[in-house]
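Residues per chain are reported as follows:
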Amino acid sequence: MLSACNDQSQSESHQLNAKQPRVMQCIEQQSQCHFELAGGRVEVLFDVNRITAEQAFNMSVNYTGANRIKAVSGYMEGVDMFMGKIPVFLEPKVATDKLAVDKMSSLKAQAQKKALLANKHNQQIFRGELLVGSCSAAQMTWQVWLTFTMADNQTQTKMLTIVSYRS
């Protein structure tokens with residue numbers, strides 16, 4: 001017996017896919033996935049395999065270390081063609097760190113809390129949605145400049161490159 005999807009089942013399938021969280025990962029042609037910062041390690045991850053111009057994607061900056069980060073800000077600018085500075089707005093997200101685990105009450109959460117308190121490292125996540133413009137070239141290299149403001153108000157800036165493609 002053969003059957004086909006109707007518009008309703010395709011729509012339901014699309015909604016289910018949209019609700020499932022995407023895996024955060026390094027992307028191909030990303031200059032670096034992680035670097036050392038303020039006595040810790042930072043990972044810069046994306047929710048796509050490949051960045052496509054004019055299609056939104058999420059970036060996650062994950063810090064694990066002895067210090068605390070107050071804020072992460074930055075911008076992106078084209079290397080191959082200057083297209084202005086695109087601001088990068090990253091908001092802190094709840095991570096499984098000491099603050100988040102203090103509010104948990106399940107047995108699993110209590111075990112996580114003990115493990116985290118034994119570990120002297122903070123875990124912080126900053127996320128934001130980004131969009132790059134399309135250029136005349138088939139691919140474009142971007143510099144991503146990230147400025148980290150630490151708990152003591154000192155700042156450190158790091159740069160990495162990523163590549164986007166026309167759709």
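Residues numbered from 1 in each chain as written. Predicted model: local features only at pLDDT ≥ 70, side-chain atom pairs only at ≥ 80, totals over all residues. Heavy atoms only, no water.

A. Spotlight on the side chain of Ser60. You can see Ser60 is positioned in strand β4 (residues 57–65). Among the polar contacts made by the side chain of Ser60, one reaches the side chain of Asn62 at a distance of 2.6 Å. Side-chain polar atoms of Ser60 contact the side chain of Arg127, separated by 3.3 Å. Apart from the residues within four sequence positions on either side, Ser60 is in contact with Met24, Glu43, Val44, Leu45, Ile125, Phe126 and Arg127. (Helix = DSSP H or I, 4+ residues; strand = E, 2+ residues; numbered from the N terminus. Polar contact = N/O pair within 3.5 Å; in protein donor to acceptor, adjacent residues only side chain to side chain. Contact = heavy atoms within 4.5 Å.)

B. Spotlight on unusual backbone geometry. Positive phi outside glycine occurs at Ala38, with the angle close to 45°. Positive phi, normally seen in glycine, also occurs at Asn153, with a value near 70°. Along the chain, the position of Asn153 falls in the loop between β9 (139–150) and β10 (155–165).

C. Just the confidence of the model for the protein, in detail. Considering every residue of the protein, the mean pLDDT works out to 80; 72% of them sit at 70 or more. In this model residues 1–17 is a low-confidence stretch, pLDDT under 50, and it forms one contact with partners more than four residues away in sequence or in other chains. Note on residues 97–104: pLDDT is under 50 here. Beyond four places in sequence and across chains, it has 21 contacts. (pLDDT = per-residue confidence, 0-100.)

D. Examining the packing of aromatic side chains more closely. Summed over the entire model, instances satisfying the criterion amount to three aromatic pairs. Pairing Phe35 with Phe148 gives two aromatic rings, centres 6.1 Å apart and planes at 70°, and the pair type is edge-to-face. Of this pair, Phe35 sits in strand β1 (residues 34–37) while Phe148 sits in strand β9, and the two are 113 residues apart along the sequence. There is no split in this pair, since Phe35 and Phe148 are both buried. Taken together, a centroid distance of 6.4 Å and an interplanar angle of 20° make the contact between Tyr75 and Trp145 stacked. (Phe/Tyr/Trp six-rings, centres within 6.5 Å; stacked < 30°, edge-to-face > 60°. Buried < 20%, exposed > 50% of the residue type's maximum accessible area, 1.4 Å probe, protein only.)

E. Seen up close, the sheet that holds strand β8 (residues 122–130). Read from one edge of the open sheet, five strands run β1-β2-β4-β8-β7, paired in antiparallel fashion. Strands with a single pairing partner mark the edges of an open sheet, and in this sheet they are β1 and β7 (91–93). For this sheet the average axis-to-axis angle between neighbouring strands, irrespective of direction, equals 25°. (Pairing = 2+ DSSP bridges. Axes fitted to C-alpha atoms, helices over the stretch in contact; angles between N-to-C directions.)

F. Layout of the pairing of β8. Only one face of β8 is buried, namely the one carrying Asn122, Gln124, Phe126, Gly128 and Leu130, since none of Gln123, Ile125, Arg127 and Glu129 on the opposite face is buried. In terms of strand pairing, β7 meets β8 through three bridges, oriented antiparallel. Counted as the bridge partner of Lys93 is Ile125 from β8.

G. Layout of the nonpolar core. If you look at the biggest cluster of nonpolar residues, it comprises 31 residues, and the most contacted ones within it are Phe46, Met59, Met76, Leu146, Phe148 and Ile162. Within the residue set of this core, elements represented by two or more residues are β1, β2 (40–46), β4, β5 (69–78), β6 (85–89), β8, β9 and β10. For this core, the leading source of residues is β9, giving six residues. Once you skip the residues sitting within four places of it in the chain, Ile162 turns out to touch Ile27, Gln29, Gln30, Phe46, Ile51, Met76, Met140, Thr141, Trp142 and Val144. (Core = buried A, V, L, I, M, F, W, Y, C linked by side-chain atoms within 4.5 Å.)

H. Structural detail: the pairing of β6. Where burial is concerned, the two faces of β6 differ: the one with Ile86 and Val88 is buried and the one with Lys85, Pro87 and Phe89 is not. Taken together, β5 and the strand that follows it, β6, pair antiparallel across an intervening segment of six residues, in which Gly84 is found at a positive phi of about 85°.

I. Here's a closer look at the environment of Leu90. Tracing the chain through its elements places Leu90 in the loop between β6 and β7. A sequence separation of 17 residues divides Leu90 from Ser73, and the C-alpha atoms of the two residues are 6.3 Å apart. Non-local contacts of Leu90, meaning those with residues more than four positions away in its chain, are made with Met59, Val61, Val72, Phe126, Arg127, Gly128 and Leu146.

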